[in-house]
Amino acid sequence: MTESQLRRGRLMPGQLTRGQLTPAQAFDTLYGFCAPVLVRQAYLLTGRRALARESVERAFELAWRRWPEVARDRDPGGWVRAAAHDHALSPWHRFRRRHRQPEPPPGDPAGRALLDVLLQLPPPYRRTLLLADGVGLTVRQIAQETEATTSAATRRLRHAREAVSDLLPGASAPPDLRRRLSELAATEIPAAAPPPTVRTTGERRDRQWVRTAAVLVTTLTGTTALALQYAPDHYARPVPQGAAIHGLPPHAVQGPLSERSRALHRALRSEFPGGPHRLVPSAR
C-alpha cells in the first residue's frame, strides 16, 4: 500500500447521492472505497488485526443504520473513519478475553519497532499522529474529528512526534514518519467482510436490539402495574414504640408452694370434694 492509498478514504460531497444509485449501491460504493484503508488505519491504532476489522465493520453498520445522514454528509468517509477510530480505541476492549492474548507482531523489524512506539503513546496522541501524518488532515480538521480544541490537537501532535523521534531517530521528520507509517500499513491485514454481509449483520443486530427493548418495556410495564396494584394507596402513620410503665411491681414467676400452702391445698380437697356448696361461704 502506498502513501496515497493510506491517505484515501475521502469522497467528494454529493458523490454518494449523485446519479440513480440505490441506498445499498451507494453504501457498497463507500464501503469498497474506504474499508480497506480504514482497516489498516485501525490496525495502526490498536496493533490487533481482528479488532481493526471489527472496528471498521461496526462503523459501517452504524453508517448503514444512519445512512440518510451519512450519504448527505460533506465527508462520508470521514464520518465512518471517526466511528471506526472511536470503536478501535474504546477502553472497554481491555476487558474482553479475546483481546488479552498477545498479537503476533509484524515480520519486518522496522515495522515492529514503529508499532511498539505507536502503542506506547496515549490513545489521543496516537490518533492525532495517525490523522496528521497518516491521513494528512490539518490540525483544525483533526480537532473537529476528535472533538478537541485546536490547541489541544496541536499539543498532542507535537508531543507525539517528539516521543516518536526520541524512540526512533530515523523517523524524526514528518516525511520519514509518513513513509514508515505507509510501509507498516502495508502489513498483511485480514480483509473486511463483503458489504452485503455488513448490511445484513447490522440489520440483524438492530432487530435484536428492538426485541430486547420490547422485552424490557414489557417487563417494566408489568412491574409498574403490579406496584400500582399492591402498593398502599394512603399514608399509614407508623406505630410508635411502647413506653415503659413505672411504679408497678415487676412480674414474677410463681415458685414452688410452701409447706403451709400445700397443707391448705390438701385440706380443701378433702373437706369439699365437690358440688355447688363449695361456692357458698359458711357462716361463722
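## Focus: empty space enclosed by the protein
According to the stated counting rule, one finds one cavity of 30 Å³ or more in the structure shown. Here the largest cavity is characterised by a volume of approximately 40 Å³. Lining the largest cavity we find L44, L45, L118, R126, L129, L130 and L181. Taken together, the elements giving at least two residues each to the lining of the largest cavity come down to α2 (23-46) and α7 (123-135). Counting residues per element, the lining of the largest cavity draws most heavily on α7, which supplies three residues. In terms of residue class, the lining of the largest cavity is made up of six nonpolar, no polar and one charged.

## Brief notes about helix α5 (residues 76-88)
Taking 1.5 Å of rise per residue, the 13 residues of α5 would be expected to cover 18 Å, and the 18 Å separating its terminal C-alpha atoms lies within 8% of that figure. Summarising burial for α5: 12 of the 13 residues are buried, a large majority. Among all positions in α5, only P76, G77, G78, W79, V80, R81, A82, A83, A84, H85, H87 and A88 are buried. Next to the buried residues of α5 lie α2, α3 (49-65), α4 (67-71), α7 and α8 (139-146).

## Details of the confidence of the model for the protein chain
Close inspection of predicted coordinates is inappropriate for parts of the model with low pLDDT. Overall, the predicted model of the protein chain reaches an average pLDDT of 81, with 84% of residues at or above 70. Taken element by element, the predicted model of the protein chain shows its lowest mean pLDDT in helix α1 (residues 3-6) (44) and its highest in α5 (94). The model gives residues 1-9 a pLDDT under 50, and that stretch makes 29 contacts with residues more than four places away or in other chains.

## Comments concerning the packing of aromatic side chains
Considering all chains together, one arrives at six aromatic pairs under this definition. Pairing F27 with W67 gives two aromatic rings, centres 5.7 Å apart and planes at 75 degrees, and the pair type is edge-to-face. Taken together, the residues F27 in helix α2 and W67 in helix α4 connect sequence positions 40 residues apart. Comparing F27 with W67, the two get one shared label, buried. Judged by centre distance (6.3 Å) and plane angle (40 degrees), the ring pair of W64 and W67 falls under tilted.

## Comments concerning the packing of helix α6 (residues 109-120) against helix α10 (residues 174-185)
One can describe the packing of α6 onto α10 by two numbers: an axis separation of 10 Å at closest approach and a directional angle of 105 degrees. In this view, α6 runs roughly perpendicular relative to α10, as classed from their interaxial angle. Between α6 and α10, the contacting residues are A110, G111, L114, L115 and L118 on the first element and L177, R180, L181 and L184 on the second. Residue classes in the contact of α6 with α10 are distributed as seven nonpolar, one polar and one charged.

## Description of the environment of R98
Following the sequence through the fold, R98 ends up in the loop between α5 and α6. Taking C-alpha positions, R98 is 9.5 Å from A50, a pair spaced 48 residues apart along the chain. Aside from chain neighbours lying at most four places away, what touches R98 is R48, A50 and E54.

## Focus on unusual backbone geometry
The phi torsion at E147 lies on the positive side, around 55 degrees, for a residue other than glycine. Along the polypeptide, E147 turns up in the loop between α8 and α9 (150-167).

## A word on the nonpolar core
In this structure, F60, W67, V80 and L129 are the most contacted members of the largest nonpolar core, which totals 51 residues. When residues in this core are grouped by element, the largest group, 12 residues, is from α2. Sequence-distant contacts of F60, that is, excluding residues within four places in its chain, are made with F27, L30, Y31, C34, A35, L38, V80 and V198.

## A few points about the pattern of salt bridges
For the structure on display, the rule yields seven salt bridges. R127 serves as the salt-bridge partner of D86, at 2.7 Å between the closest nitrogen and oxygen. Of this pair, D86 sits in helix α5 while R127 sits in helix α7; the two residues are 41 residues apart in sequence, bridging distant segments of the chain. The class of D86 is partly exposed, set by a relative accessible area of 43%. Put simply, R262 and E259 hold a salt bridge, and the shortest N to O gap is 2.7 Å. Of the two residues, R262 and E259 both sit in helix α12 (residues 259-271), three residues apart, roughly one turn of that helix. Residue E259 is classed as partly exposed on the basis of its relative accessible area of 48%. In this structure, a network of salt bridges that share partners links the residues E259, R262 and R266.

What counts and how
- Residue numbers restart at each chain and count upward from 1, following the sequence in its written direction.
- Predicted model: local features are reported for residues with pLDDT of at least 70 only, side-chain atom pairs are reported and counted for 80 or more only, and whole-chain, interface and lining totals are derived from all residues.
- Side-chain figures throughout are based on the complete set of non-hydrogen atoms in the structure, without hydrogens or water.
- Any residue with an atom within 4 Å of a point lines the site, the site being either a cavity, points on a 1 Å grid over the protein atoms alone where a 1.4 Å probe fits but cannot get out, or a pocket, an open set with protein on both sides within 12 Å along at least 5 of 7 lines.
- Grid points are joined across faces, edges and corners, and a volume is the space filled by probe spheres set on the points.
- Secondary structure elements are defined from DSSP: runs of H or I of at least 4 residues count as helices, runs of E of at least 2 residues count as strands, and each element is numbered from the N terminus.
- Throughout, the ten residues Ala, Val, Leu, Ile, Met, Phe, Trp, Tyr, Cys and Pro are labelled nonpolar, Asp, Glu, Lys and Arg are labelled charged, and all others, Gly among them, are labelled polar.
- The length a helix should cover is 1.5 Å for every residue beyond the first.
- In this scheme, a residue with accessible area under 20% of its type's maximum is buried, one over 50% is exposed, and one in between is partly exposed, where area comes from a 1.4 Å probe on protein chains only.
- It only takes one pair of heavy atoms within 4.5 Å for two residues to be counted as in contact.
- Confidence per residue, as judged by the predictor, is encoded in pLDDT with a range of 0 to 100.
- In this analysis, rings of Phe, Tyr and Trp, with Trp reduced to its six-membered ring, are considered paired at centre separations within 6.5 Å, and the interplanar angle assigns stacked below 30 degrees, edge-to-face beyond 60, and tilted for intermediate values.
- Here the axes come from fitting lines to C-alpha atoms, over the contacting stretch only for helices, and the angles between their N-to-C directions go from 0 to 180 degrees.
- The cut-offs work like this: below 35 degrees is roughly parallel, past 145 is roughly antiparallel, 65 to 115 is roughly perpendicular, and the gaps in between are oblique.
- For the purposes of this section, nonpolar cores are sets of buried Ala, Val, Leu, Ile, Met, Phe, Trp, Tyr and Cys residues that join through side-chain atoms within 4.5 Å.
- The working definition used for a salt bridge is a side-chain nitrogen of Lys or Arg within 4 Å of a carboxyl oxygen of Asp or Glu.

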